[in-house]
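# A look at the structure
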4 protein chains.
Amino acid sequence: MNVISYRPEPGEFAWTFGGVKPVRMVRPGDVLELWTEDCFAGKVRTPEDLVSRVIDFPFVNPQTGPFYVEGAEPGDTLAIHFISIEPARDWAASTTVPLFGALTSTAHTPTLQDALPEIVWIYEVDKIKRTVTMHGARSDYSVELPLDPMHGTVGVAPGAMEARSCLVPDAHGGNMDTPEMRAGVTCYLGVNVEGALFSIGDGHCRQGEGESCGVAVESAMNSVIVIDLIKGRFTEWPRLENDDSIISTGSARPLEDAFRIAHVDLVNWISAGYGLDRIDAYQLVAQIAESPVANVCDPNYTFVAKAAKRYLPRGEAYGGIREELKELAAAYSSERN
Amino acid sequence: MNVISYRPEPGEFAWTFGGVKPVRMVRPGDVLELWTEDCFAGKVRTPEDLVSRVIDFPFVNPQTGPFYVEGAEPGDTLAIHFISIEPARDWAASTTVPLFGALTSTAHTPTLQDALPEIVWIYEVDKIKRTVTMHGARSDYSVELPLDPMHGTVGVAPGAMEARSCLVPDAHGGNMDTPEMRAGVTCYLGVNVEGALFSIGDGHCRQGEGESCGVAVESAMNSVIVIDLIKGRFTEWPRLENDDSIISTGSARPLEDAFRIAHVDLVNWISAGYGLDRIDAYQLVAQIAESPVANVCDPNYTFVAKAAKRYLPRGEAYGGIREELKELAAAYSSERN
Amino acid sequence: MNVISYRPEPGEFAWTFGGVKPVRMVRPGDVLELWTEDCFAGKVRTPEDLVSRVIDFPFVNPQTGPFYVEGAEPGDTLAIHFISIEPARDWAASTTVPLFGALTSTAHTPTLQDALPEIVWIYEVDKIKRTVTMHGARSDYSVELPLDPMHGTVGVAPGAMEARSCLVPDAHGGNMDTPEMRAGVTCYLGVNVEGALFSIGDGHCRQGEGESCGVAVESAMNSVIVIDLIKGRFTEWPRLENDDSIISTGSARPLEDAFRIAHVDLVNWISAGYGLDRIDAYQLVAQIAESPVANVCDPNYTFVAKAAKRYLPRGEAYGGIREELKELAAAYSSERN
Amino acid sequence: MNVISYRPEPGEFAWTFGGVKPVRMVRPGDVLELWTEDCFAGKVRTPEDLVSRVIDFPFVNPQTGPFYVEGAEPGDTLAIHFISIEPARDWAASTTVPLFGALTSTAHTPTLQDALPEIVWIYEVDKIKRTVTMHGARSDYSVELPLDPMHGTVGVAPGAMEARSCLVPDAHGGNMDTPEMRAGVTCYLGVNVEGALFSIGDGHCRQGEGESCGVAVESAMNSVIVIDLIKGRFTEWPRLENDDSIISTGSARPLEDAFRIAHVDLVNWISAGYGLDRIDAYQLVAQIAESPVANVCDPNYTFVAKAAKRYLPRGEAYGGIREELKELAAAYSSERN
């Protein structure tokens, strides 16, 4: 097993998907131990560190990568299996950001109204108890919430010679902000350019569905992934798989279009991959889908659509590649312990 | 305890919220044993019963009611507590309907394309095993799914002298199609007219989130509810409460507006009802909300936004009226057994 | 020629389409001389008359009618030809309304932000010069704008046993707020109930496209219309016709759905009515449509789609009924002078 | 006067805004005589040249440029004044493209339905008569339409280190597809990168508002522009100015967000540039805006919002730079004749 450890130096982060030179070459089957900075580039550390003061746009949401995957060509699919995602600090931060978020007017849904107040919340992170603690900024109230670490941003270089801001989710992945991107999940991404050029970042200790205020409980992360390559098969929109479910995603505006993309993809996946007629797959999805909304604040909104495997005909996603990745993950974990 | 049993005669159903005379007078504290017909008015019973053939629009989605609640005045809130919701038949039906559903063009999202094929699926309902069984219409595949009965449509007469089709969800409730409307939940609805004039219908044996094809596993239901009245306090958008969560709803297009309505309401509910400053409530909702999409197919789309009570400051929804309703429900249930 | 003059008494206005008893019986070919109150029910007369103070919701946007058209049955089309629309006063009013309008959050696009300031603008109306004069409320600036009178609200009782607020535009017409509803235009509306039950109101001295602040230059109007009936032919969405163009409308959210409805209807109208293959009609519409947005502030947004007759194959809308209505209009006008 | 003539060689086109090296250095005040290829890269020439056959995605909508403007720095505004836009051929092409356009499901508004038929229409272009002639593909009908040449795509390199497909309109301009981009207009674009790096392309002989089928009457163009630079003043969203109007644009989804962006920008422009209080500017825009929709088919939809100068307080856009550009244009034109 080839294990690569990588912690970016300051100045080594990527701020876009596409248009950036790779930081490392990796191979299918490699395990990567990665450190990712938080979405604030580590600059929000106290209640005084307002985003509008300390962040120099567009240097927000730094990504660790991109990695060049040997052998990856347009038309292939990259599989990224998350072995572990662990907060790298004992605190985390959330904020409001002026004219950003789901419950305010924004740059893309502008009104003539004033912005909401700008606030920072610093959370305590307890990796033993597996909690984060919120303290009210203007209320005398504290509450422990479960730690549920995830990556908000996972993606590859987009197609059509584009480079996209790391704030954007789209067909190449990117800033999807779904809590489903937990340890144990396998993420499938269509390869658009040679080497795939994937990056990850934007660790969240947890987030609510929709990420209403636009910011989760943001933290640097130590994450371990193992990657693999499915040759000659493309994946239009990012897909995820865990032990229980296959999961399609869609990122678009308005939000019903994100829903449509994810659910049409799920119908097609079940139909093509599990042998159900498409209209029967449509009926089945209508009765079994779980469809947690991921984000309603980013430049595109993201939905995921989940189908429990126990309700599907016998079948395997991507030829069962996830089983191999789980074995590699198990081998890595036993070696470390 | 006053128990009223009511099964509508043919011709006694309501097809709108508002504009219909009440079928019964009821009082706060009354228990109602109700029978509701399925959304097809019972006309889809075999694979040959295509909706376009057997349904005479607008006679679709019949409601049991309306009931006139003595003492209910505009500005009050009606509480409907669901004691039980049980399928009234051992089969249920689902269909595609031409140009209706989330994954097709529709009358309100029209294109120049042809409609999808029209299909009926008849499900078996096993109340002992608590399952429904789907059989593929064009595939040789059958699958058991958990029975999870709910009412798609619960509402009162709307304000502004309107009468709305029973297919529409809006501030008065109506066809919200959320799986959260299960036995055990308490639903709060603002009263717009004297007597409130509430109705229920559209029983589903189960549905997926978003109700993609526009139709759930539709069934007649035997349902028992107990009602109560909160005087002098209005509820802008329907709210639900169960043992674990308080739940706001929003119905609108585009889907992000349904999300906004539900989540602004949840922030306001937590702020006003549990004493958190509003910006702290916004932050808390951003990290804890569970936001299952209800429907993405009706004339308005519906989102619900849930906050787990265990993360909220000490407090009670609507002065704890739900506890009284649960006691009435328990008394009713023990009397029946 | 049968001429009916009607000015509603206080208390005689309609506040919904549907659910209201007719004020008069009329016959195809009748000319109606009507007085309509402004959308504020005449209560906004000075800068101190803030809507939030003087208006008692839902008593806003009063309609003159409904009129029962003898012989009108579901499945027919009502034609309303506007002979003249003239301001009934020498002043008019516009306002902002808290949380209403296109450039603010609203009840249906809510945010946590504060409302914009509430202001009244009183315009002078000069029927000789054909101008209205705006005076800045917070700026030392006055400007004359062309008088261009229109009715914001024209509709019939909706189908499906509904009653809709006069603030709502939908398939039954209603509050479409399009400047195309000028003197000289013929409006076609599908009949949903016996007698059609049409009303008109909401006179505007002028408005910008989209009606950004939610309120036009609002005025009482003296309007003269002549009506006719097209038996056995239904009109799905309101259509208009003037000397130059045929005009489809669509009312929905999001705004692209209003666009789709209007343009699909225009393609179908050209294809069915003028004998072009539908794909050629699509191509033609893509190159010739003029598509002024009507409102982006009402419960549904409204688009109109215009096709200039000079680019269409030889043909006539609705069998050329407009020519007969123009002759009646000319006869009426010459009789009055 | 410095006049630069440039006709790109095959292989010299740009397919993105951003991420491309400049083809020429130019200076403020330079006149550029440019040739632009049509959106099909010249490959659709007969009815047999279906887009799905002859186009190799993403090589669609080629741009002439980018040009590096000496002295242009982030925070400046680039002014592009269109002296002339003339079809370079005596024919032009339009098509349907599978799953692209406003009246079909698409990649971003997917459904389970089949695509519409794929058709090519070849138009005759008569530069003397100033007409284009459409011939029905499936109908025996031909019609002459006015020639009204414009550029669908005008833009600079975007900010945030992005590179965007030439099919996308956004804050950097790009594929806005507005008929307002005619000869005689001045276009203002915020500079995001050193040199601005602007390109133009996508000539249309004419298009309808909304560009319903997704494709206009597409043609190669000979266009002459003169450019200038406004130092130290940024332009958030593209603005246009002609003799009669100032024009804001917005590109987003859903369509109401494009409307909001354009109209908030217009209110702000009038308020900051012409000295009206912002709430008075809002009122004025509500009554005078002309708001032709540009496209409802591209990855973002585009609205423009126009205010007639004759209704505005005395003032000048961008310090009156347009007058200087018109003088340069006049000098160029007299020199050529």
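All values reported here derive from a predicted model rather than from experimental measurement. (Residues numbered from 1 in each chain as written. Chains lettered and ligands numbered in written order. Predicted model: local features only at pLDDT ≥ 70, side-chain atom pairs only at ≥ 80, totals over all residues.)

### So, the overall build of chain A
A count of helical and extended segments in chain A gives four helices and 21 strands. A compact globule built from 337 residues would reach a C-alpha radius of gyration of about 20 Å, and chain A, at 19 Å, matches this within 12%. Per-residue burial over chain A gives 61% buried out of 337 residues. Expressed as a percentage of contacts within chain A between residues at least 6 apart in sequence, the contacts between residues at least 24 apart total 75%. (Helix = DSSP H or I, 4+ residues; strand = E, 2+ residues; numbered from the N terminus. Rg over C-alpha atoms; globule rule 2.2 N^0.38 Å. Buried ≥ 20, exposed ≤ 12 C-beta atoms within 10 Å, placed from the backbone. Contact = placed C-beta atoms within 7 Å.)

### A word on the pairing of strand S11 (residues 150-155) of chain A
Residues and elements named next belong to chain A. Of all six residues making up S11, six are buried, and the element is well covered by its neighbours. Looking at chain direction, S11 and strand S16 (residues 196-204) are connected through five bridges and run antiparallel. Within the sheet, the bridge partner assigned to histidine 151 lies in S16 and is glycine 203. Sheet topology places S11 next to strand S14 (residues 173-174); two bridges connect them, and they run antiparallel. Within S14, the residue paired with glycine 155 across the bridge is glycine 173. (Pairing = 2+ DSSP bridges.)

### Digging into the interface of chain A and chain B
Counting residues at the interface gives 54 residues for chain A and 54 residues for chain B. For the side of chain A that touches chain B, the elements supplying multiple residues, two or more each, are strand S10 (142-146), helix H2 (255-274) and helix H3 (278-288) of chain A. For the side of chain A that touches chain B, the element with the most residues is H3 of chain A, which contributes nine residues. Residues of the side of chain A that touches chain B, tallied by class, amount to 33 nonpolar, 12 polar and nine charged. (Nonpolar A, V, L, I, M, F, W, Y, C, P; charged D, E, K, R; others polar.)

### Description of the relation of the copies chain A and chain B
Screw-axis analysis of chain A against chain B gives a translation of 0.0 Å along the axis, an RMSD of 0.0 Å, and a rotation angle of 180 degrees. The operation mapping one copy onto its partner corresponds to a two-fold rotation axis. When the interface residues of chain A are mapped onto chain B, 100% of them again lie at the interface, so the same face is used by both copies. (Least-squares fit on C-alpha atoms with pLDDT ≥ 70 in both.)

### Focus on the interface of chain D and chain C
With 53 residues of chain D in contact, the opposing surface of chain C contributes 54 residues. Counting residues per element, the ones that place at least two in the side of chain D that touches chain C are strand S10 (142-146), helix H2 (255-274) and helix H3 (278-288) of chain D. With nine residues, the single largest contributor to the side of chain D that touches chain C is H3 of chain D. Of the residues in the side of chain D that touches chain C, the class split is 32 nonpolar, 12 polar and nine charged.

### Quick notes on the sheet that holds strand S5 (residues 63-69) of chain D
Strand pairing in a sheet is mediated by backbone hydrogen bonds. Such pairs are either parallel or antiparallel. Reading across the sheet, the six strands line up as S3-S5-S16-S11-S14-S13 (chain D) and stay open at both edges, with mixed pairing between neighbours. Of all strands in the sheet, those with a lone pairing partner are strand S3 (24-26) and strand S13 (169-170) of chain D, marking the two edges.

### A short note on the sheet that holds strand S19 (residues 239-241) of chain C
All names here are of chain C. Strand order in the open sheet made by the nine strands is S1-S4-S18-S6-S15-S19-S20-S22-S21, with mixed pairing throughout. Of all strands in the sheet, those bounded by a partner on one side alone are strand S1 (3-6) and strand S21 (293-295). Averaged over all adjacent pairs, the angle separating strand axes in this sheet is 25 degrees, with direction ignored. For strand S20 (residues 245-252) and strand S22 (residues 301-308), the ladder comprises eight bridges, and the chain directions are antiparallel. The residue bridging isoleucine 246 from the neighbouring strand is alanine 307, located in S22. In the packing of helix H2 (residues 255-274) onto the sheet, contacts are made with S20 and S22, and the angle to S20 comes to roughly 145 degrees. (Axes fitted to C-alpha atoms, helices over the stretch in contact; angles between N-to-C directions.)

### Points about the relation of the copies chain D and chain C
By a simple turn and slide, chain D fits onto chain C: the slide is 0.0 Å along the axis, the RMSD is 0.0 Å, and the turn is 180 degrees. In this assembly, 100% of the residues forming the interface of chain D have copies in chain C that are likewise at the interface, indicating an isologous arrangement.

### Observations regarding the environment of lysine 127 of chain A
Residues and elements named next belong to chain A. Within the element layout of this structure, lysine 127 appears in the loop between strand S8 (120-126) and strand S9 (131-135). Lysine 127 gets classed as partly exposed once you count the C-beta atoms within 10 Å, which come to 15. When residues no more than four places from it in sequence are discounted, the contact partners of lysine 127 are Glu86 and Pro87.

### Brief notes about the packing of H2 of chain A against H3 of chain A
All names here are of chain A. Axis separation between H2 and H3 bottoms out at 9 Å; the angle between their running directions is 125 degrees. Between H2 and H3, the interaxial angle falls into the category oblique. With respect to the hand of their crossing, H2 and H3 are arranged in right-handed fashion. On H3, the residues touching His263, Leu266, Val267, Ile270 and Ser271 of H2 are Arg278, Ala281, Tyr282, Leu284 and Val285. Each residue belonging to the contact of H2 with H3 can be placed in one class, and the counts come to seven nonpolar, two polar and one charged. (Parallel < 35°, antiparallel > 145°, perpendicular 65-115°, else oblique. Left-handed = near helix turned anticlockwise from the far one by under 90°.)

### Comments concerning helix H4 (residues 321-336) of chain C
All names here are of chain C. In this model H4 runs 23 Å from its N-terminal to its C-terminal C-alpha over 16 residues, within 8% of the 22 Å that 1.5 Å per residue would give. Within H4, burial applies to Arg322, Leu325 and Ala329. Buried positions in H4, seen along its axis, are confined to an arc of 60 degrees and lie on one side of it. Away from its buried face by more than 90 degrees, H4 exposes Glu323, Glu327, Ala330, Ser334 and Glu335. (Expected span 1.5 Å × (residues − 1). Arc of directions from axis to C-beta.)

### Focus on the environment of leucine 32 of chain B
All names here are of chain B. Position of leucine 32 among the secondary structure elements: in strand S4 (residues 31-36). In this structure leucine 32 comes out as buried when scored by C-beta crowding, with 23 C-beta atoms within 10 Å. Along the chain, leucine 32 and proline 10 lie 22 residues apart, while their C-alpha atoms are 19 Å from each other. With residues up to four places along the chain from it excluded, the contact list for leucine 32 reads Ile4, Tyr6, Val26, Val224, Ile225 and Ile227.

### Things to note about H2 of chain D
Every α-helical turn comprises 3.6 residues, leaving residues that sit three or four positions apart pointing alike. Between its first and last C-alpha, H2 of chain D extends 28 Å over 20 residues, near the 28 Å set by a 1.5 Å rise per residue. Among the 20 residues of H2 of chain D, 17 are classified as buried, and the element is accordingly described as predominantly covered.

### Quick notes on unusual backbone geometry
With an omega of -5 degrees, the peptide bond between arginine 253 of chain B and proline 254 of chain B qualifies as cis. Within the secondary structure, proline 254 of chain B is located in the loop between strand S19 (245-252) and helix H2 (255-274). In the segment running from glycine 65 of chain D into proline 66 of chain D, the intervening peptide bond is cis, with an omega of 0 degrees. Looking at the element boundaries, proline 66 of chain D is found in strand S5. Despite not being glycine, alanine 41 of chain B has its phi angle at roughly 60 degrees, a positive value. Among the structural elements, alanine 41 of chain B can be located in the loop between S4 and helix H1 (51-54). Judged by C-beta crowding, with 17 C-beta atoms within 10 Å, alanine 41 of chain B ranks as partly exposed. For methionine 161 of chain D, which is not glycine, the phi dihedral falls at a positive 60 degrees. Examined against the element boundaries, methionine 161 of chain D turns out to sit in the loop between strand S11 (150-155) and strand S12 (164-165).

### Considerations on the confidence of the model for chain A
Predicted confidence across chain A gives a mean pLDDT of 97, with 100% of residues reaching 70 or more. Interface confidence for the predicted complex, given as ipTM, is 0.98, next to a pTM of 0.98. (pLDDT = per-residue confidence, 0-100.)

### A word on the packing of H2 of chain A against H2 of chain B
Look at H2 of chain A against H2 of chain B: their axes get within 6 Å of each other, and the N-to-C directions meet at 110 degrees. Our classification of the angle between H2 of chain A and H2 of chain B gives roughly perpendicular. Of H2 of chain B, the residues touching H2 of chain A (which contributes Leu255, Glu256 and Phe259 of chain A) are Leu255, Glu256 and Phe259 of chain B. Looking at the contact of H2 of chain A with H2 of chain B, its residues break down into four nonpolar, no polar and two charged.

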